[in-house]
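# Chain and residue survey
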Amino acid sequence: MTDYVRIFDTTLRDGEQSPGASLTSSEKIKLARALAKLGVDVIEAGFPAASPDDLEAVRRIAVQVGQSTNGSRIPIICGLARATKKDIDKAWEGVCEAKHPRIHTFLATSDIHMKYKLNMSRDEVIKRVFEMVSYARNLCEDVEFSPEDGGRSEPEFLYIVLGEAIRAGASTINIPDTVGFTTPDEFGSLIGGIMKNT
């Protein structure tokens, strides 16, 4: 562990989910250049499987910002993917030309999401996480995994899932509070438990 704080910016992906905040490819590239100039370490450029336009925007950012930034440090260019081969392939297609590419894959781990969104058992989720992180890792050296709805996930189950993601090759673990469920104290305790038990 080091004292260096890495800035992971999701403006170009998660920020677009705000009402009225959709961006053109040209606007995304302009923002990506500004983020690189600010010294952002990781730019999540988009969700390449969402549309051909988003794939093209991510690819252009990988080439135009992820290869050279006119003297600034070159950021990691990241593409988001659901834990499916199709999504992971699209994410890799989008980021592969960056000097520092990353695939960020996710799968829900809360009981409510597993039951009603995924229709998967805990064992199926554990298996899928291992398989898809391994698949992504075979394409890209830098793989991030997120347990969607981590804030509402049972901690002991989360420890198992995250352990499998790490075993499969994930180099970054992101814990999202997807629906804004946890208080700061609760979230701090969740992170503390993950650090101690994973």
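For the structure, see preceding data.
Residues numbered from 1 in each chain as written. Predicted model: local features only at pLDDT ≥ 70, side-chain atom pairs only at ≥ 80, totals over all residues. Heavy atoms only, no water.

## Structural notes on the pattern of salt bridges
Here the structure, examined in full by the defined rule, presents 16 salt bridges. The residue R102 makes a salt bridge to E144 at a minimum N-O spacing of 3.0 Å. On the criterion of sequence distance, the pair formed by R102 in strand β4 (residues 101–108) and E144 in strand β5 (residues 143–148) is long-range, its members being 42 residues apart. The same class applies to R102 and to E144, which are both buried. As a salt-bridge pair, K127 and E131 come within 4.0 Å of each other at their nearest N and O atoms. (Salt bridge = Lys/Arg side-chain N within 4 Å of Asp/Glu carboxyl O. Helix = DSSP H or I, 4+ residues; strand = E, 2+ residues; numbered from the N terminus. Buried < 20%, exposed > 50% of the residue type's maximum accessible area, 1.4 Å probe, protein only.)

## A look at the environment of V5
Mapped onto the fold, V5 is located in the segment before β1 (8–9). Sequence-wise, V5 and D41 are 36 residues apart; in three dimensions their C-alpha atoms are separated by 9.3 Å.

## Thoughts on the layout of surface pockets
Computed from the structure, the second largest pocket encloses a volume of approximately 380 Å³. Along the wall of the second largest pocket there are 15 residues; nearest its centre are R13, D14, L80, P176 and T178. Elements represented by at least two residues in the lining of the second largest pocket include exactly β4 and β5. When grouped by side-chain class, the residues that make up the lining of the second largest pocket number five nonpolar, six polar and four charged. (1 Å grid on protein atoms, 1.4 Å probe; cavity = no way out; pocket = protein on both sides within 12 Å on 5 of 7 lines; lining within 4 Å. Points joined across faces, edges and corners; volume = space filled by probe spheres on them. Nonpolar A, V, L, I, M, F, W, Y, C, P; charged D, E, K, R; others polar.)

## Concerning helix α7 (residues 184–197)
Across its 14 residues, α7 extends 20 Å between first and last C-alpha, which sits within 8% of the 20 Å expected from 1.5 Å per residue. Of the positions making up α7, those classed as buried are L190, G193 and I194. Along the axis of α7, the buried residues cluster in a sector spanning 100°; they form a single face. Pointing more than 90 degrees away from the buried face of α7 are the exposed residues P184, D185, S189, M195 and K196. Buried residues along α7 sit in contact with α6 (155–168). (Expected span 1.5 Å × (residues − 1). Arc of directions from axis to C-beta. Contact = heavy atoms within 4.5 Å.)

## What about the packing of helix α2 (residues 52–64) against helix α3 (residues 85–95)?
One can describe the packing of α2 onto α3 by two numbers: an axis separation of 7 Å at closest approach and a directional angle of 40°. The orientation of α2 with respect to α3, classified from their angle, is oblique. Listed contacts from α3 to L55, V58, R59 and A62 of α2 are K90, E93, G94 and V95. Its residues assigned to classes, the contact of α2 with α3 shows four nonpolar, one polar and three charged. (Axes fitted to C-alpha atoms, helices over the stretch in contact; angles between N-to-C directions. Parallel < 35°, antiparallel > 145°, perpendicular 65-115°, else oblique.)

## Thoughts on the packing of aromatic side chains
Tallied over the entire structure, the rule returns one aromatic pair. The interplanar angle of 70° and the centroid separation of 6.5 Å between the aromatic rings of F47 and F106 together place this pair among those described as edge-to-face. Of this pair, F47 sits in the loop between β2 (42–46) and α2 while F106 sits in strand β4, placing them 59 residues apart in sequence. Given the relative accessible area of 15%, F106 is considered buried. (Phe/Tyr/Trp six-rings, centres within 6.5 Å; stacked < 30°, edge-to-face > 60°.)

## Digging into the nonpolar core
Counting residues in each nonpolar core, the largest one holds 28 residues, and the members touching the most others are V125, V129, V133, F145 and I194. Elements supplying a minimum of two residues to this core: α3, β4, α5 (122–139), β5, α6 and α7. Ranked by the residues each element gives to this core, the list is headed by α6, at seven residues. In this structure V133 touches T105, V143, F145, A165, A168, G169 and A170, once residues within four positions along its chain are discounted. Counting residues in each nonpolar core, the second largest holds 15 residues, with L12, L35, V40 and V95 among its members. (Core = buried A, V, L, I, M, F, W, Y, C linked by side-chain atoms within 4.5 Å.)

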